[in-house]
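# Topology and contacts: notes
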Amino acid sequence: GAGVSQSPSNKVTEKGKDVELRCDPISGHTALYWYRQSLGQGLEFLIYFQGNSAPDKSGLPSDRFSAERTGGSVSTLTIQRTQQEDSAVYLCASSSRRGREPFYYGYTFGSGTRLTVV
Amino acid sequence: EDQVTQSPEALRLQEGESSSLNCSYTVSGLRGLFWYRQDPGKGPEFLFTLYSAGEEKEKERLKATLTKKESFLHITAPKPEDSATYLCAGEAAGNKLTFGGGTRVLVKP
């Protein structure tokens, strides 16, 4: 597609439930990132996928968080047993890692999923 | 640990009143310093990448500059449509961005 697509755009869930957030990156982009933006805070890195390499999971805040990327395209971020502190906007970004392209065109972000845990 | 700090947190400007935003960074092996604009309810939108000290980039009323420790985003004669949150981020060797907390800019007509 023309941009990075995320779904759902809004999700309200009860504490303790599991949620899945989806990201459809730009076609052909080999790199995919998940970030979290809490109210009034900067973007916090969660996880990075690059091609077929093992993902960089160093930003995942707890083992309740996991992510996968199927077929080098769509990614799903799963949060198990949600807590109120998980409430945030979850942003996905993709980029080409070909040569200098990431620097010429930047990372393209989706509009995010606003997660509210009640 | 990589760190990016932006100041001020918020900036209120009159239309036409030029100003600068600051981004101080400590990013090991910096490969690029990115500026993004974020409007409410939307994801960040790419503006510029700067690579080396002394470099400058311009786009309409925005000009970004880079030193070895800081980057500045100058807004010249801003208009109300320049109101947004401006984010800077450094990319290190691990291919991930470390973001600052952003500067919320409000330009009043």
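Residues numbered from 1 in each chain as written. Chains lettered and ligands numbered in written order. Predicted model: local features only at pLDDT ≥ 70, side-chain atom pairs only at ≥ 80, totals over all residues. Heavy atoms only, no water.

Another aspect to go through is the overall build of chain A. Per the secondary structure count, chain A includes 1 helix and 10 strands. Tracing chain A from N to C terminus, the helices and strands come up as β-β-β-β-β-β-β-β-α-β-β. Computed over its C-alpha atoms, the radius of gyration of chain A comes to 14 Å, within 12% of the 13 Å expected for a compact globule of 118 residues. Once the C-alpha set of chain A is aligned to its principal axes, its extents read approximately 45 × 25 × 25 Å. (Helix = DSSP H or I, 4+ residues; strand = E, 2+ residues; numbered from the N terminus. Rg over C-alpha atoms; globule rule 2.2 N^0.38 Å.)

Attention now goes to the interface of chain B and chain A. Between chain B and chain A, the contact holds 21 residues from the first and 21 residues from the second. Together chain B and chain A conceal approximately 1700 Å² of surface at their shared face, both sides included; 53% is due to carbon and sulfur atoms. Along the contact surface separating chain B from chain A lie 1 salt bridge. Two residues, Asp56 of chain A and Lys96 of chain B, come together in a salt bridge whose shortest N-O distance is 3.2 Å. For the pair chain B and chain A, the interface holds 6 residue pairs in polar contact (both at pLDDT 80 or more). (Contact = heavy atoms within 4.5 Å. Buried area = accessible area lost by both parts, 1.4 Å probe. Salt bridge = Lys/Arg side-chain N within 4 Å of Asp/Glu carboxyl O. Polar contact = N/O pair within 3.5 Å; in protein donor to acceptor, adjacent residues only side chain to side chain.)

This paragraph deals with the packing of aromatic side chains. Throughout the structure, instances matching the rule amount to 13 aromatic pairs over all chains. One aromatic cluster is present, formed by Tyr33, Tyr35, Phe45, Tyr48, Tyr107 and Phe109 of chain A together with Phe34, Tyr36, Phe46 and Phe99 of chain B through successive ring pairs. (Phe/Tyr/Trp six-rings, centres within 6.5 Å; stacked < 30°, edge-to-face > 60°.)

With that settled, consider the nonpolar core. With 23 residues, the main nonpolar core has Leu21, Trp35, Leu73, Tyr86 and Val105 of chain B as its most contacted residues. Looking at this core, the elements that each hand over two or more residues are strand S2 (10–14), strand S3 (19–26), strand S4 (32–38), strand S5 (45–50), strand S7 (62–66), strand S8 (70–75), strand S9 (84–91) and strand S11 (103–108) of chain B. Apart from the residues lying within four places of it in its own chain, the contact partners of Val105 of chain B are Leu11, Leu13, Leu21, Ile75, Asp82, Ser83, Ala84 and Tyr86 of chain B. Ranked by size, the runner-up nonpolar core spans 20 residues in total, among them Val4, Trp34, Ile47 and Leu115 of chain A. (Core = buried A, V, L, I, M, F, W, Y, C linked by side-chain atoms within 4.5 Å. Buried < 20%, exposed > 50% of the residue type's maximum accessible area, 1.4 Å probe, protein only.)

All right, on to the pattern of salt bridges then. Residues and elements named next belong to chain A. Within the structure shown, the criterion is met by 9 salt bridges over all chains. Residues Arg36 and Glu44 are paired through a salt bridge, measuring 3.1 Å at the closest nitrogen-oxygen approach. Judged by its relative accessible area of 31%, Glu44 is partly exposed. The partner of Arg64 in a salt bridge is Asp86, and the shortest N-O contact between them spans 2.8 Å.

Moving on, we get to the state of the cysteines. Counting across every chain of the model gives 2 disulfides over all chains. Across the disulfide, Cys23 of chain A is cross-linked to Cys92 of chain A (sulfur-sulfur distance 1.9 Å). With the S-S dihedral at roughly -65°, the linkage between Cys23 of chain A and Cys92 of chain A falls on the left-handed side. Pair noted here: Cys23 of chain A is in strand S3 (residues 19–24) and Cys92 of chain A is in strand S8 (residues 88–95), with a separation of 69 residues, a long-range link. Just as Cys23 of chain A is buried, Cys92 of chain A falls in that class too. A sulfur-sulfur separation of 1.9 Å characterises the disulfide bridge that pairs Cys23 of chain B with Cys88 of chain B. Classification of the bridge connecting Cys23 of chain B and Cys88 of chain B rests on its S-S torsion, roughly 80°, and on that basis the disulfide is right-handed. Pair noted here: Cys23 of chain B is in strand S3 and Cys88 of chain B is in strand S9, with a separation of 65 residues, a long-range link. Residue Cys23 of chain B shares its accessibility class with Cys88 of chain B, and that shared class is buried. (Disulfide = S-S within 2.5 Å.)

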